[in-house]
Amino acid sequence: MSFNNVVIFSKPKQPDVAKVAAELKSWFERKKTNVQLDPQEGVGNADLAVVVGGDGTLLAAARTLGDHQIPILAINHGGLGFLTEVTLHEMYPALERVMGGHFVTDHRMMIEVAVDRAGRRIGAYRALNDAVFNKGTLARIIELEARVDGQYVSTFRSDGLIIATPTGSTAYNLSAGGPIIFPSMDAMVLTPICSHTLTNRPIVLPPDVKIDVMLKSTQDEVHLTVDGQVGLPINRGDHVVLEKSAVSVQLIAPADKNYFDILRGKLKWG
């Protein structure tokens, strides 16, 4: 597979990131590769997307790419960076290997998130990491009734609830005590946040189910946040329906990259 048209995603308002992106554009041009720094103009013709930034930049890029199914190479210019696994130090050697065809492709499951109010759809999103129900600023717990394929699971009385993909299992899900799921798997994990009932534990679900979460609380503001970036406030009686998307994200990396190397490095395992 050859890459002839590249689009670069970055945060142009951050000078250090913009500098790396500009240098990267010059590097591709020297390779006689068509390259575009404006994702809005470059996505349509691109056969490779290069993301320079943290995991948040990659999540935004995945949303912008939509149904295009363009492979993504992520360069870490952020913090922890579970998704952006190529470091700045490795960037050009990694690009040489990728452009030479020495890479692996990792297909990551996404989920569709729909919000229904009184029988009317008021929101629809696609998530690579997670959908999170969070309470407002007051200390009261919220009540969320969860069903899987119409079967009642539980009414979670907690600070919130996370529905994560395997990719998102190392994000908020991990902080809330959820399991790490190997990223190439197809699954969803339902994890309560600080559950009032100590026996409520994370549940790993198969990918072909439909999860329906209804807000039962009447007080306080509750927010649904998708991939930590978009979302809306939800009201009592709203249904949020989550299921596997027909669209996946293709993350590519040099063939010598290993997921367990990333875990050991990021989580400081021995």
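The preceding data block contains the structure.
So, here is what we can say about the structure in this document. Here the structure is a predicted model, which means the values were calculated and not measured.

## Considerations on the overall build of the protein
- A tally of regular secondary structure across the protein gives 6 helices and 17 strands.
- The C-alpha atoms of the protein give a radius of gyration of 20 Å, which matches the 18 Å a tight globule of 270 residues would have.
- Judged by the C-alpha coordinates and their principal axes, the protein covers about 60 × 45 × 35 Å.
- A burial count over the protein gives 47% of its 270 residues as buried.
- Counting contacts in the protein only where the partners sit at least 6 residues apart, residues at least 24 apart contribute 69% of the total.
- With an accessible surface of roughly 12600 Å², the protein has 51% of that area assigned to carbon and sulfur atoms.
- Of the side chains in the protein, 27 bear a positive and 29 a negative charge, and the two mean positions are spaced by 3 Å.

## A few points about the packing of helix α1 (residues 15-30) against helix α4 (residues 91-99)
- Put simply, α1 and α4 touch, their axes get as near as 12 Å, and they point 35° apart. In this structure, α1 meets α4 at a crossing whose hand is right-handed. From α1, Val20, Glu23, Leu24, Trp27 and Phe28 reach across to α4, where they touch Met91, Tyr92, Leu95, Glu96 and Met99.

## Here we look at the pairing of strand β14 (residues 211-215)
- Summarising burial for β14: 4 of the 5 residues are buried, a large majority.
- The sheet contact formed by strand β9 (residues 142-148) and β14 spans 5 bridges and is antiparallel. Looking across to β14, one finds that Arg147 is bridged to Asp212.
- When β14 meets strand β17 (residues 239-254), the two strands line up antiparallel, connected through 4 bridges. Residue pairing in the sheet places Asp212 in a bridge with Val241 of β17.

## Re the side chain of Thr57
- Within the secondary structure, Thr57 sits in helix α3 (residues 55-65).
- By relative accessible area, which is 7% here, Thr57 ends up buried.

## A word on helix α6 (residues 259-267)
- Considered for burial, the residues of α6 that qualify are Tyr259, Ile262 and Leu263. The arc that holds every buried residue of α6, seen down its axis, measures 100°, which confines them to one face.

## Some thoughts on the environment of Gly81
- Assignment of secondary structure puts Gly81 in the loop between β4 (72-76) and β5 (86-87).
- Given the relative accessible area of 6%, Gly81 is considered buried.
- Residues Gly81 and Ala246 lie 165 residues apart in sequence; the distance between their C-alpha atoms is 26 Å.
- Ignoring sequence-local partners within four residues, the contact set of Gly81 consists of Asp55, Asn76 and Lys266.

## Comments concerning the packing of aromatic side chains
- Tallying each qualifying case throughout the model produces 6 aromatic pairs.
- Ring geometry for Trp27 versus Tyr92: centroids 5.8 Å apart, planes at 40°, classification tilted. Of this pair, Trp27 sits in helix α1 while Tyr92 is found in helix α4, placing the two residues 65 residues apart along the sequence.
- Exposure remark for Trp27: the relative accessible area of 8% places this residue in the buried category.
- What makes Tyr92 partly exposed here is its relative accessible area of 28%.
- Members of the aromatic cluster, joined through ring pairs, are Trp27, Phe28 and Tyr92.

Conventions adopted
Residues numbered from 1 in each chain as written. Predicted model: local features only at pLDDT ≥ 70, side-chain atom pairs only at ≥ 80, totals over all residues. Heavy atoms only, no water. Helix = DSSP H or I, 4+ residues; strand = E, 2+ residues; numbered from the N terminus. Rg over C-alpha atoms; globule rule 2.2 N^0.38 Å. Buried < 20%, exposed > 50% of the residue type's maximum accessible area, 1.4 Å probe, protein only. Contact = heavy atoms within 4.5 Å. Areas by Shrake-Rupley, 256 points an atom, 1.4 Å probe, with all protein chains shown as cover. Lys, Arg positive; Asp, Glu negative; His and termini not counted. Charge placed at Lys NZ, Arg CZ, Asp CG, Glu CD. Axes fitted to C-alpha atoms, helices over the stretch in contact; angles between N-to-C directions. Left-handed = near helix turned anticlockwise from the far one by under 90°. Pairing = 2+ DSSP bridges. Arc of directions from axis to C-beta. Phe/Tyr/Trp six-rings, centres within 6.5 Å; stacked < 30°, edge-to-face > 60°.

So far we have only geometry, and geometry alone does not tell us how the molecule works.
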